[in-house]
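# A look at the structure
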Amino acid sequence: MATPPQFDQIETLLTCAFGGPDEARLVRRLRAAGDMAAEYVSLQGGVVVSYAALAKFGAPHGWLALAPVATLPEFQGRGFGLSLVRAVCARHAKAQTIVVLGRPEFYQRAGFSLKRAARLTSPYPIANTLLSGPGADQPDKTLVYPAAFGAV
Ligand SMILES: CC(C)(COP(=O)(O)OP(=O)(O)OC[C@H]1O[C@@H](n2cnc3c(N)ncnc32)[C@H](O)[C@@H]1OP(=O)(O)O)[C@@H](O)C(=O)NCCC(=O)NCCS
């Protein structure tokens, strides 16, 4: 779990990994709005090298959005990102449905399914939306992202 003393490092990590301030701002807004469910980090020698956040959907109630996910550029390609996403899912996806918007090749390796997300209605592209967790095989729900996403 990320702790407040790590927030500055997380901000730097997100800005470097995404090449701009949008995702760091998203995280600040999610925290401020009370829409952050959990934040996870991987550490290497005390340095935060990888980060993953779970935000609370407005609807369906109890569902979580995995975003953002990032690894410091100089630590990418060493397995940190995939290990962290797998650990987040191992902890949450038995009891809660997690949705991610991203590259299918990456998230499928952590157990996310494109097919299971196919009948969701989302403001973002369904072709890049994946689902993990319990419940119906292809739930027919409308995703309401936390307001912070609209501000990005
Ligand atoms: C995407 C990201 C989080 C992956 O983190 P990472 O620590 O580099 O990932 P890993 O080293 O665990 O990669 C695991 C595997 O996924 C592959 N992979 C990494 N990023 C990938 C991507 N964007 N698309 C497809 N495959 C990817 C790696 O090649 C690796 O494959 P291998 O095991 O066969 O070598 C990282 O590249 C990143 O921060 N990117 C910029 C921010 C971003 O785009 N985040 C959103 C992700 S949708």
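Let me begin by describing the structure that accompanies this report. Every value quoted in this text rests on a predicted model; they were computed, and no experiment measured them.

Rules used throughout
Residues numbered from 1 in each chain as written. Predicted model: local features only at pLDDT ≥ 70, side-chain atom pairs only at ≥ 80, totals over all residues. Helix = DSSP H or I, 4+ residues; strand = E, 2+ residues; numbered from the N terminus. Expected span 1.5 Å × (residues − 1). Buried ≥ 20, exposed ≤ 12 C-beta atoms within 10 Å, placed from the backbone. Arc of directions from axis to C-beta. Contact = placed C-beta atoms within 7 Å.

Turning to unusual backbone geometry, a few remarks are in order. In this structure, Pro60 follows Ala59 across a cis peptide bond, with omega equal to -5 degrees. One can find Pro60 in the loop between strand E2 (47-56) and strand E3 (64-71). Note the cis peptide between Ala67 and Pro68, where omega equals -10 degrees.

Now for helix H1 (residues 7-18). For H1, with twelve residues, the first-to-last C-alpha span of 16 Å sits near the 16 Å given by 1.5 Å per residue. Those residues of H1 not exposed but buried are Ile10, Leu13, Leu14 and Ala17. Around the axis of H1, the buried residues are gathered within 95 degrees of arc, so they sit on the same side. Elements in contact with the buried residues of H1: helix H2 (22-33), E2 and E3. Looking one or two places after H1, you find Gly19, whose phi comes out positive at around 70 degrees.

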